[in-house]
Amino acid sequence: MVFPLGFAENSIQLVPDGTLLLHVLIILVMVYALNATLFKPINLILEAREKRTRARLTEAQEILASVSERLTEYERALRQARTEAYAFTEQARAGAMQERQKHLDEMRGKLAESMSQEKEAIKRQAEEARALLEVESRRIALEIGARVLSRPITNVEMN
């Protein structure tokens, strides 16, 4: 029995025949069918996903830029608030120092006045003591003189 060359088991077919055209036609129909039913929908889904991804990426970049801008503004406001707080603290400290200095000056004035009053009182007491000692020394001198002389002494004799 003679087998056609296309169905021979051990032979290699080198000459193209009509089945080749059939295979090419089947492949083209399959490519068209796969393209229409599988590849185009998948490509549309992938394009839509890519667009969403790009949109979300752009949105995320805008959000990051907004957050960065707000963070910068927050840091600036924080620095300004700290500067104001330091200035307020320094102003309060300077006011307290002025108040303290004023209080010290008042106390020094009162102390100086009190010291001058005390000095005057001591001076007066010293003068009173001198006068009293003068009178008392004259009396004691008269008494001692009278005892020594055994007679009373008058003030005229003392001078």
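Structural data are supplied above this passage.
Residues numbered from 1 in each chain as written. Predicted model: local features only at pLDDT ≥ 70, side-chain atom pairs only at ≥ 80, totals over all residues. Heavy atoms only, no water.

### Considering the overall build of the protein chain
- Broken down by element type, the protein chain carries 2 helices and 0 strands.
- When the accessible surface of the protein chain is split by element, carbon and sulfur atoms take 63% of a total near 15000 Å². (Helix = DSSP H or I, 4+ residues; strand = E, 2+ residues; numbered from the N terminus. Areas by Shrake-Rupley, 256 points an atom, 1.4 Å probe, with all protein chains shown as cover.)

### A word on the pattern of salt bridges
- All chains considered together, the criterion is met by 8 salt bridges.
- In this structure, the salt-bridge partner of Glu 90 is Arg 93, at a minimum N-O distance of 2.6 Å. Taken together, the residues span about one helical turn, with Glu 90 and Arg 93 both in helix 1 (residues 18-149) at a distance of 3 residues.
- What makes Glu 90 partly exposed here is its relative accessible area of 41%.
- Take Arg 93: its relative accessible area is 46%, and that puts it in the partly exposed class.
- Look at the salt bridges and you will find they share partners, linking Glu 136, Arg 139, Glu 143 and Arg 147 into a network. (Salt bridge = Lys/Arg side-chain N within 4 Å of Asp/Glu carboxyl O. Buried < 20%, exposed > 50% of the residue type's maximum accessible area, 1.4 Å probe, protein only.)

### Side note on helix 1
- Helix length check: helix 1 (132 residues) gives 185 Å between terminal C-alpha atoms against 196 Å at 1.5 Å per residue, within 8%.
- Of all the bends in helix 1, the greatest, near 50°, is centred on Asn 35.
- Among the residues making up helix 1, those that are buried are Ala 121, Leu 142 and Gly 145.
- The positive-phi residue at the C-terminal boundary of helix 1 is Ser 150, with phi of around 60°. (Expected span 1.5 Å × (residues − 1). Bend = angle between axes of the 7 residues up to and from the residue.)

### Digging into a nonpolar patch on the surface
- On the surface, Leu 22, Ile 26, Met 30, Leu 34, Leu 38, Phe 39, Ile 42 and Leu 46 cluster together into a nonpolar patch covering about 680 Å² of accessible area.
- The class for Leu 34 is partly exposed, based on a relative accessible area of 33%. (Patch = residues over 30% accessible without salt bridge, like charges linked within 9 Å, V, L, I, M, F, W, Y side chains within 5 Å.)

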